[in-house]
Amino acid sequence: MGELKGWRLVCAGVVLSSMLLAGCATVDESSPQQGGGSGGGAEAAQRINGAGASFPAPFYSAVFQRFAQEEGIEVNYQSIGSSGGREQFIQKTVAFGASDEPMSDEEMQEAGGNPLHIATVGGAVVPVYNLEGVESGLNFTGEVLADIYLGNITRWNDPAIAELNPDVQLPDAKIAVVHRSDGSGTTNIWTSYLAAVSPEWESGPGAGGEIKWPTGIGGDGNEGVAGLVKQTPNSIGYVGLEYAVQNELTYGNVGEQGAFVEPSVQSARAAIAAVGDEIPEDLRFTVSSANPQGEGVYPITGLTWMLVRQQMDDLAQCKAVARTAWYLTHEGQELAPDLNYVPLPENIVSRDEELIRSMEAEGQKCYTE
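Residues numbered from 1 in each chain as written. Predicted model: local features only at pLDDT ≥ 70, side-chain atom pairs only at ≥ 80, totals over all residues. Heavy atoms only, no water.

Some points on the packing of helix 11 (residues 315-329) against helix 12 (residues 346-357)
For the pair helix 11 and helix 12, interaxial distance at closest approach is 10 Å and the crossing angle is 170°. As far as their axial angle goes, helix 12 and helix 11 are roughly antiparallel. Along its contact with helix 11, which presents A322, A325, W326 and T329, the element helix 12 presents V349, D352, E353, I356 and R357. The residue inventory of the contact of helix 11 with helix 12, partitioned by class, reads five nonpolar, one polar and three charged. (Axes fitted to C-alpha atoms, helices over the stretch in contact; angles between N-to-C directions. Helix = DSSP H or I, 4+ residues; strand = E, 2+ residues; numbered from the N terminus. Parallel < 35°, antiparallel > 145°, perpendicular 65-115°, else oblique. Contact = heavy atoms within 4.5 Å. Nonpolar A, V, L, I, M, F, W, Y, C, P; charged D, E, K, R; others polar.)

Below is the structure:
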(Lines give C-alpha, C1' and ligand atoms only; values in the text may rest on other atoms or scores of the structure.)
Protein backbone atom coordinates (compact mmCIF):
# COMPACT_ATOMS: atom_id res chain seq x y z
CA MET A 1 0.00 0.00 0.00
CA GLY A 2 3.04 2.29 -0.21
CA GLU A 3 1.73 3.85 -3.43
CA LEU A 4 -1.31 5.21 -1.63
CA LYS A 5 0.54 7.11 1.05
CA GLY A 6 1.00 10.77 0.27
CA TRP A 7 -1.07 10.71 -2.93
CA ARG A 8 -2.13 14.30 -2.26
CA LEU A 9 1.47 15.43 -2.59
CA VAL A 10 2.06 14.26 -6.17
CA CYS A 11 3.41 17.05 -8.33
CA ALA A 12 4.74 15.16 -11.33
CA GLY A 13 1.88 15.24 -13.77
CA VAL A 14 -1.16 15.77 -11.56
CA VAL A 15 -2.47 18.35 -9.12
CA LEU A 16 -5.27 17.14 -6.86
CA SER A 17 -7.93 19.12 -5.04
CA SER A 18 -7.68 22.90 -5.44
CA MET A 19 -4.19 23.15 -4.00
CA LEU A 20 -1.23 23.92 -6.25
CA LEU A 21 1.94 22.91 -4.44
CA ALA A 22 5.08 24.99 -4.50
CA GLY A 23 7.77 23.47 -6.67
CA CYS A 24 5.39 21.81 -9.14
CA ALA A 25 6.39 22.33 -12.73
CA THR A 26 4.20 24.62 -14.80
CA VAL A 27 3.56 23.91 -18.47
CA ASP A 28 2.03 26.10 -21.14
CA GLU A 29 -1.32 24.48 -21.92
CA SER A 30 -1.12 25.56 -25.54
CA SER A 31 2.25 23.89 -26.12
CA PRO A 32 1.98 20.82 -28.37
CA GLN A 33 3.41 17.37 -27.75
CA GLN A 34 4.54 15.22 -30.66
CA GLY A 35 3.76 11.66 -31.54
CA GLY A 36 2.45 8.88 -29.32
CA GLY A 37 -0.82 7.06 -29.88
CA SER A 38 -2.43 10.02 -31.61
CA GLY A 39 -0.92 9.29 -34.99
CA GLY A 40 2.41 9.86 -36.66
CA GLY A 41 3.73 13.32 -35.88
CA ALA A 42 0.40 14.55 -34.56
CA GLU A 43 0.46 17.33 -31.99
CA ALA A 44 -1.22 17.12 -28.58
CA ALA A 45 -1.48 19.70 -25.83
CA GLN A 46 1.09 19.21 -23.09
CA ARG A 47 -1.36 20.01 -20.31
CA ILE A 48 -5.07 19.43 -19.78
CA ASN A 49 -7.41 20.14 -16.90
CA GLY A 50 -10.01 17.78 -15.47
CA ALA A 51 -12.23 17.77 -12.40
CA GLY A 52 -14.77 15.60 -10.64
CA ALA A 53 -15.14 12.46 -8.59
CA SER A 54 -13.13 11.92 -5.41
CA PHE A 55 -13.75 8.15 -5.55
CA PRO A 56 -11.03 7.51 -8.23
CA ALA A 57 -8.71 10.36 -7.18
CA PRO A 58 -5.95 8.15 -5.64
CA PHE A 59 -5.98 5.99 -8.78
CA TYR A 60 -5.91 8.99 -11.08
CA SER A 61 -3.06 10.52 -9.09
CA ALA A 62 -0.85 7.47 -9.53
CA VAL A 63 -1.75 6.97 -13.20
CA PHE A 64 -1.39 10.62 -14.18
CA GLN A 65 2.02 10.78 -12.50
CA ARG A 66 3.24 7.86 -14.59
CA PHE A 67 1.48 9.26 -17.69
CA ALA A 68 3.39 12.54 -17.36
CA GLN A 69 6.67 10.68 -17.07
CA GLU A 70 6.02 8.37 -20.01
CA GLU A 71 3.95 10.52 -22.36
CA GLY A 72 4.92 14.07 -21.40
CA ILE A 73 1.36 15.27 -20.84
CA GLU A 74 0.49 16.85 -17.50
CA VAL A 75 -3.02 16.28 -16.18
CA ASN A 76 -4.23 18.79 -13.62
CA TYR A 77 -7.09 16.95 -11.89
CA GLN A 78 -9.21 18.54 -9.15
CA SER A 79 -11.06 16.19 -6.79
CA ILE A 80 -14.29 18.17 -6.29
CA GLY A 81 -16.98 15.47 -6.37
CA SER A 82 -18.95 13.96 -9.23
CA SER A 83 -21.64 16.64 -9.31
CA GLY A 84 -19.04 19.39 -9.56
CA GLY A 85 -17.19 17.47 -12.24
CA ARG A 86 -20.29 17.11 -14.38
CA GLU A 87 -21.11 20.80 -13.94
CA GLN A 88 -17.62 21.96 -14.93
CA PHE A 89 -17.70 19.60 -17.92
CA ILE A 90 -21.07 21.01 -19.01
CA GLN A 91 -19.74 24.57 -18.63
CA LYS A 92 -16.60 23.65 -20.63
CA THR A 93 -14.26 24.95 -17.94
CA VAL A 94 -12.31 21.66 -18.06
CA ALA A 95 -11.15 19.43 -20.90
CA PHE A 96 -12.78 16.42 -19.24
CA GLY A 97 -15.04 15.70 -16.30
CA ALA A 98 -15.12 12.71 -13.98
CA SER A 99 -18.10 11.10 -12.28
CA ASP A 100 -19.17 7.88 -10.56
CA GLU A 101 -22.76 8.76 -11.51
CA PRO A 102 -23.73 8.69 -15.19
CA MET A 103 -24.88 11.96 -16.71
CA SER A 104 -28.64 12.34 -17.07
CA ASP A 105 -30.21 12.83 -20.50
CA GLU A 106 -30.73 16.49 -19.62
CA GLU A 107 -27.07 16.92 -18.65
CA MET A 108 -25.98 15.20 -21.86
CA GLN A 109 -28.00 17.69 -23.89
CA GLU A 110 -26.68 20.66 -21.91
CA ALA A 111 -23.07 19.55 -22.37
CA GLY A 112 -23.23 19.37 -26.18
CA GLY A 113 -20.57 17.79 -28.34
CA ASN A 114 -22.06 14.29 -27.94
CA PRO A 115 -20.67 13.47 -24.45
CA LEU A 116 -19.08 10.05 -24.01
CA HIS A 117 -18.70 7.98 -20.83
CA ILE A 118 -15.27 6.32 -20.78
CA ALA A 119 -15.24 3.78 -17.93
CA THR A 120 -11.84 4.01 -16.22
CA VAL A 121 -11.88 1.71 -13.17
CA GLY A 122 -14.19 -0.07 -10.72
CA GLY A 123 -14.33 -0.28 -6.97
CA ALA A 124 -16.24 -1.06 -3.81
CA VAL A 125 -18.06 1.43 -1.57
CA VAL A 126 -17.88 0.19 2.01
CA PRO A 127 -19.58 0.91 5.33
CA VAL A 128 -16.91 2.31 7.66
CA TYR A 129 -17.39 2.72 11.39
CA ASN A 130 -15.64 3.95 14.53
CA LEU A 131 -16.45 1.66 17.45
CA GLU A 132 -13.94 1.31 20.26
CA GLY A 133 -12.80 -2.29 20.59
CA VAL A 134 -14.66 -3.47 17.47
CA GLU A 135 -12.48 -4.50 14.55
CA SER A 136 -13.26 -4.69 10.85
CA GLY A 137 -15.73 -7.38 9.89
CA LEU A 138 -19.09 -6.33 11.31
CA ASN A 139 -21.88 -7.84 9.22
CA PHE A 140 -24.62 -5.71 7.66
CA THR A 141 -27.53 -6.49 5.40
CA GLY A 142 -28.71 -3.89 2.94
CA GLU A 143 -31.95 -3.55 4.88
CA VAL A 144 -30.08 -2.80 8.12
CA LEU A 145 -27.88 -0.19 6.41
CA ALA A 146 -30.99 1.41 4.93
CA ASP A 147 -32.70 1.47 8.33
CA ILE A 148 -29.64 3.10 9.92
CA TYR A 149 -29.61 5.83 7.28
CA LEU A 150 -33.39 6.22 7.49
CA GLY A 151 -33.10 6.76 11.25
CA ASN A 152 -35.11 3.62 12.04
CA ILE A 153 -32.12 2.03 13.81
CA THR A 154 -30.46 4.51 16.16
CA ARG A 155 -28.29 2.48 18.56
CA TRP A 156 -25.41 0.12 17.92
CA ASN A 157 -26.81 -2.67 20.12
CA ASP A 158 -30.14 -2.67 18.28
CA PRO A 159 -31.37 -6.28 17.93
CA ALA A 160 -31.26 -6.04 14.13
CA ILE A 161 -27.48 -5.40 14.21
CA ALA A 162 -26.82 -7.72 17.16
CA GLU A 163 -28.53 -10.63 15.41
CA LEU A 164 -26.09 -10.34 12.51
CA ASN A 165 -23.08 -10.16 14.85
CA PRO A 166 -23.72 -12.60 17.73
CA ASP A 167 -20.06 -12.80 18.77
CA VAL A 168 -19.48 -9.04 18.99
CA GLN A 169 -20.03 -6.93 22.10
CA LEU A 170 -21.84 -3.94 20.63
CA PRO A 171 -22.02 -0.75 22.72
CA ASP A 172 -25.27 0.76 23.93
CA ALA A 173 -24.44 3.97 22.10
CA LYS A 174 -26.25 6.25 19.68
CA ILE A 175 -25.18 5.80 16.06
CA ALA A 176 -23.64 8.93 14.54
CA VAL A 177 -24.55 8.75 10.86
CA VAL A 178 -22.17 10.36 8.34
CA HIS A 179 -22.97 10.95 4.67
CA ARG A 180 -21.74 13.11 1.83
CA SER A 181 -22.62 16.80 1.84
CA ASP A 182 -21.74 17.34 -1.83
CA GLY A 183 -23.16 15.86 -5.02
CA SER A 184 -21.46 12.49 -5.12
CA GLY A 185 -21.13 9.50 -7.41
CA THR A 186 -20.08 7.48 -4.38
CA THR A 187 -23.46 8.39 -2.89
CA ASN A 188 -25.11 7.25 -6.13
CA ILE A 189 -23.46 3.82 -5.82
CA TRP A 190 -24.43 3.60 -2.13
CA THR A 191 -28.03 4.77 -2.48
CA SER A 192 -28.64 2.74 -5.65
CA TYR A 193 -27.91 -0.37 -3.60
CA LEU A 194 -30.10 0.77 -0.69
CA ALA A 195 -32.96 1.46 -3.11
CA ALA A 196 -32.51 -1.98 -4.68
CA VAL A 197 -32.87 -3.82 -1.35
CA SER A 198 -35.15 -1.56 0.71
CA PRO A 199 -38.64 -0.60 -0.51
CA GLU A 200 -38.80 2.10 2.15
CA TRP A 201 -35.56 3.63 0.90
CA GLU A 202 -36.66 3.38 -2.74
CA SER A 203 -39.96 5.15 -2.03
CA GLY A 204 -38.29 7.65 0.29
CA PRO A 205 -34.86 9.20 -0.31
CA GLY A 206 -34.34 7.12 -3.46
CA ALA A 207 -31.18 6.66 -5.51
CA GLY A 208 -28.87 9.36 -6.81
CA GLY A 209 -25.85 11.48 -6.12
CA GLU A 210 -27.81 14.22 -4.36
CA ILE A 211 -30.67 13.23 -2.07
CA LYS A 212 -32.50 14.59 0.96
CA TRP A 213 -30.91 12.74 3.87
CA PRO A 214 -33.29 11.65 6.64
CA THR A 215 -30.57 11.87 9.29
CA GLY A 216 -26.87 12.41 9.89
CA ILE A 217 -24.09 14.92 9.24
CA GLY A 218 -22.33 15.59 5.97
CA GLY A 219 -18.70 15.48 4.90
CA ASP A 220 -17.23 16.91 1.70
CA GLY A 221 -15.82 14.23 -0.59
CA ASN A 222 -14.65 10.75 0.31
CA GLU A 223 -11.89 12.51 2.21
CA GLY A 224 -14.37 14.45 4.33
CA VAL A 225 -16.50 11.42 5.21
CA ALA A 226 -13.40 9.39 6.11
CA GLY A 227 -12.15 12.23 8.32
CA LEU A 228 -15.49 12.62 10.12
CA VAL A 229 -15.80 8.90 10.83
CA LYS A 230 -12.23 8.74 12.08
CA GLN A 231 -12.76 11.59 14.56
CA THR A 232 -16.34 10.76 15.63
CA PRO A 233 -16.85 7.93 18.15
CA ASN A 234 -19.72 5.51 17.40
CA SER A 235 -20.06 6.76 13.84
CA ILE A 236 -20.83 5.03 10.55
CA GLY A 237 -20.22 6.31 7.03
CA TYR A 238 -19.48 5.10 3.51
CA VAL A 239 -16.36 5.61 1.37
CA GLY A 240 -14.49 3.90 -1.42
CA LEU A 241 -12.50 0.90 -0.20
CA GLU A 242 -9.27 2.71 -1.07
CA TYR A 243 -10.11 5.50 1.39
CA ALA A 244 -10.96 3.01 4.15
CA VAL A 245 -7.58 1.33 3.70
CA GLN A 246 -5.67 4.59 3.33
CA ASN A 247 -7.18 6.06 6.49
CA GLU A 248 -6.95 2.78 8.46
CA LEU A 249 -10.71 2.75 9.09
CA THR A 250 -12.60 -0.33 10.19
CA TYR A 251 -15.18 -1.48 7.66
CA GLY A 252 -17.94 -4.05 7.41
CA ASN A 253 -19.12 -6.96 5.30
CA VAL A 254 -22.38 -6.74 3.35
CA GLY A 255 -24.81 -9.40 2.20
CA GLU A 256 -27.61 -11.57 3.44
CA GLN A 257 -27.86 -13.64 6.63
CA GLY A 258 -25.28 -16.40 6.32
CA ALA A 259 -23.76 -14.99 3.13
CA PHE A 260 -21.87 -11.85 4.07
CA VAL A 261 -19.13 -10.75 1.68
CA GLU A 262 -15.99 -8.88 2.62
CA PRO A 263 -15.29 -5.93 0.31
CA SER A 264 -12.12 -6.43 -1.70
CA VAL A 265 -10.77 -6.05 -5.20
CA GLN A 266 -11.76 -9.66 -5.89
CA SER A 267 -15.32 -9.43 -4.56
CA ALA A 268 -15.93 -6.10 -6.34
CA ARG A 269 -14.54 -7.61 -9.55
CA ALA A 270 -17.03 -10.47 -9.11
CA ALA A 271 -19.88 -7.95 -8.86
CA ILE A 272 -18.91 -6.26 -12.12
CA ALA A 273 -18.53 -9.66 -13.78
CA ALA A 274 -22.00 -10.64 -12.51
CA VAL A 275 -23.48 -7.90 -14.69
CA GLY A 276 -21.98 -9.72 -17.69
CA ASP A 277 -22.54 -8.40 -21.19
CA GLU A 278 -25.88 -6.83 -20.29
CA ILE A 279 -24.51 -3.31 -20.42
CA PRO A 280 -25.73 -0.39 -22.53
CA GLU A 281 -23.72 0.74 -25.53
CA ASP A 282 -23.05 4.13 -23.95
CA LEU A 283 -21.83 2.51 -20.68
CA ARG A 284 -24.25 4.59 -18.59
CA PHE A 285 -25.24 2.11 -15.89
CA THR A 286 -24.81 1.60 -12.14
CA VAL A 287 -23.64 -1.83 -10.98
CA SER A 288 -25.10 -1.58 -7.47
CA SER A 289 -28.61 -0.77 -8.73
CA ALA A 290 -28.78 -4.33 -10.05
CA ASN A 291 -27.91 -5.73 -6.60
CA PRO A 292 -25.54 -8.31 -8.13
CA GLN A 293 -25.81 -11.72 -6.50
CA GLY A 294 -23.61 -14.78 -6.17
CA GLU A 295 -20.96 -16.36 -4.00
CA GLY A 296 -18.16 -13.92 -3.26
CA VAL A 297 -19.98 -10.98 -4.89
CA TYR A 298 -19.74 -7.67 -3.01
CA PRO A 299 -22.89 -5.79 -4.07
CA ILE A 300 -22.07 -2.13 -3.33
CA THR A 301 -19.78 -1.80 -6.31
CA GLY A 302 -19.56 0.71 -9.14
CA LEU A 303 -17.63 2.05 -12.08
CA THR A 304 -16.31 5.55 -12.54
CA TRP A 305 -16.14 7.47 -15.81
CA MET A 306 -14.04 10.03 -17.60
CA LEU A 307 -16.48 12.37 -19.36
CA VAL A 308 -15.28 13.53 -22.77
CA ARG A 309 -16.84 14.96 -25.92
CA GLN A 310 -16.97 12.99 -29.13
CA GLN A 311 -16.73 16.33 -30.94
CA MET A 312 -14.24 18.84 -29.54
CA ASP A 313 -13.30 22.26 -30.89
CA ASP A 314 -9.54 22.18 -30.31
CA LEU A 315 -7.57 19.37 -31.98
CA ALA A 316 -4.52 19.61 -29.69
CA GLN A 317 -6.70 19.39 -26.59
CA CYS A 318 -8.74 16.55 -28.08
CA LYS A 319 -5.61 14.53 -28.86
CA ALA A 320 -4.34 15.00 -25.30
CA VAL A 321 -7.72 13.99 -23.82
CA ALA A 322 -7.94 10.93 -26.06
CA ARG A 323 -4.41 9.83 -25.15
CA THR A 324 -5.19 10.33 -21.46
CA ALA A 325 -8.34 8.22 -21.76
CA TRP A 326 -6.48 5.47 -23.63
CA TYR A 327 -3.69 5.38 -21.06
CA LEU A 328 -6.16 5.21 -18.16
CA THR A 329 -8.02 2.29 -19.72
CA HIS A 330 -4.91 0.37 -20.80
CA GLU A 331 -1.49 0.92 -19.21
CA GLY A 332 -3.03 2.50 -16.12
CA GLN A 333 -5.06 -0.60 -15.27
CA GLU A 334 -2.05 -2.43 -13.87
CA LEU A 335 -1.93 0.07 -10.99
CA ALA A 336 -5.54 -0.55 -9.95
CA PRO A 337 -5.32 -3.67 -7.69
CA ASP A 338 -2.53 -2.35 -5.47
CA LEU A 339 -4.62 0.80 -4.92
CA ASN A 340 -7.74 -1.28 -4.05
CA TYR A 341 -9.51 -0.64 -7.36
CA VAL A 342 -10.86 -3.15 -9.88
CA PRO A 343 -9.31 -3.32 -13.37
CA LEU A 344 -11.85 -3.10 -16.17
CA PRO A 345 -13.11 -6.34 -17.73
CA GLU A 346 -12.34 -6.91 -21.40
CA ASN A 347 -15.87 -6.25 -22.64
CA ILE A 348 -15.87 -2.77 -21.10
CA VAL A 349 -12.34 -1.98 -22.33
CA SER A 350 -13.40 -2.95 -25.86
CA ARG A 351 -16.32 -0.53 -25.71
CA ASP A 352 -14.04 2.18 -24.27
CA GLU A 353 -11.73 1.72 -27.25
CA GLU A 354 -14.60 2.25 -29.71
CA LEU A 355 -15.67 5.42 -27.92
CA ILE A 356 -12.15 6.88 -27.71
CA ARG A 357 -11.48 6.15 -31.39
CA SER A 358 -14.66 8.04 -32.30
CA MET A 359 -13.39 11.34 -30.86
CA GLU A 360 -12.87 14.10 -33.45
CA ALA A 361 -11.86 17.75 -33.68
CA GLU A 362 -11.30 20.06 -36.63
CA GLY A 363 -12.37 17.26 -38.97
CA GLN A 364 -9.69 14.84 -37.74
CA LYS A 365 -9.62 11.78 -35.53
CA CYS A 366 -8.10 12.50 -32.13
CA TYR A 367 -6.77 9.01 -31.49
CA THR A 368 -5.22 6.79 -34.12
CA GLU A 369 -2.75 3.96 -33.69
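What to know about the pattern of salt bridges
Tallied over the full model, the rule gives 12 salt bridges. One salt bridge connects R66 with E334, and the closest N-O pair in it is separated by 2.8 Å. One end of the pair, R66, is in helix 1 (residues 57-71); the other, E334, is in the loop between helix 11 and helix 12, with 268 residues separating them in the sequence. The class for R66 is partly exposed, based on a relative accessible area of 26%. On the accessibility criterion, E334 (56% relative accessible area) is exposed. (Salt bridge = Lys/Arg side-chain N within 4 Å of Asp/Glu carboxyl O. Buried < 20%, exposed > 50% of the residue type's maximum accessible area, 1.4 Å probe, protein only.)

Here's the deal with the sheet that holds strand 13 (residues 259-261)
Taken together, three strands build an open sheet; the order of strands is 7-12-13 and the sheet is mixed. With partners counted over all chains shown, the strands left at the sheet margins are strand 7 (139-140) and strand 13, one partner each. Here three bridges tie strand 12 (residues 253-256) to strand 13, and the two strands are oriented antiparallel to one another. Of the residues in strand 13, the one forming a bridge with G255 is F260. (Pairing = 2+ DSSP bridges.)

Examining the nonpolar core
Formed by 114 residues in total, the largest nonpolar core has its most connected members in F59 and I148. Dropping the residues within four chain positions of it, F59 is found in contact with T120, V121, L328, G332, Q333, L335, A336, L339 and Y341. (Core = buried A, V, L, I, M, F, W, Y, C linked by side-chain atoms within 4.5 Å.)

Side note on the pairing of strand 4 (residues 74-79)
Looking down a regular strand, the side chains alternate between one sheet face and the other. A large share of strand 4 lies buried, amounting to five of its six residues. Direction of pairing for strand 3 (residues 47-52) relative to strand 4: parallel, over a ladder of six bridges. In the sheet register, R47 faces strand 4, and the bridge partner there is E74. With helix 1 bridging strand 3 and its parallel neighbour strand 4, the resulting β-α-β unit is right-handed. (Right-handed = clockwise from strand over helix to strand, strands pointing away.)

With respect to helix 6 (residues 185-197)
Between its first and last C-alpha, helix 6 extends 19 Å over 13 residues, near the 18 Å set by a 1.5 Å rise per residue. Listed as buried for helix 6 are G185, T186, T187, N188, I189, W190, T191, S192, Y193, L194, A195 and V197. With a side-chain oxygen lying 3.1 Å from the backbone nitrogen of T186, the N-terminal cap of helix 6 falls on S184. (Expected span 1.5 Å × (residues − 1). Polar contact = N/O pair within 3.5 Å; in protein donor to acceptor, adjacent residues only side chain to side chain.)

Quick notes on the packing of helix 1 against helix 11
Running from amino to carboxyl end, helix 1 crosses helix 11 at an angle of 120°, the nearest separation of the two axes being 10 Å. Seen from above, helix 1 lies across helix 11 with right-handed handedness. For the pair helix 1 and helix 11, the contacting residues are F59, Y60, V63, F64, R66, F67, E70 and E71 in the first and R323, T324, Y327 and L328 in the second. Here the residues of the contact of helix 1 with helix 11 are counted per class, giving seven nonpolar, one polar and four charged. (Left-handed = near helix turned anticlockwise from the far one by under 90°.)

Examining the packing of aromatic side chains
As enumerated under the stated definition, the model contains 18 aromatic pairs in all. Ring geometry for Y60 versus Y77: centroids 5.2 Å apart, planes at 90°, classification edge-to-face. With Y60 in helix 1 and Y77 in strand 4, this residue pair connects regions lying 17 residues apart in the sequence. Y77 matches Y60 in its accessibility class, with the two residues each being buried. Connected via pairs of aromatic rings, a cluster forms that spans F55, F59, Y60, F64, Y77, F96 and Y341. (Phe/Tyr/Trp six-rings, centres within 6.5 Å; stacked < 30°, edge-to-face > 60°.)

Notes on the environment of V134
Examined against the element boundaries, V134 turns out to sit in the loop between strand 6 (115-130) and strand 7. A relative accessible area of 9% places V134 in the buried class. Each C-alpha atom, one on V134 and one on P171, is 9.4 Å from the other, the two residues being 37 residues apart in sequence. Ignoring anything within four residues of it in the chain, the contact list for V134 reads Y129, V168, Q169 and T250.

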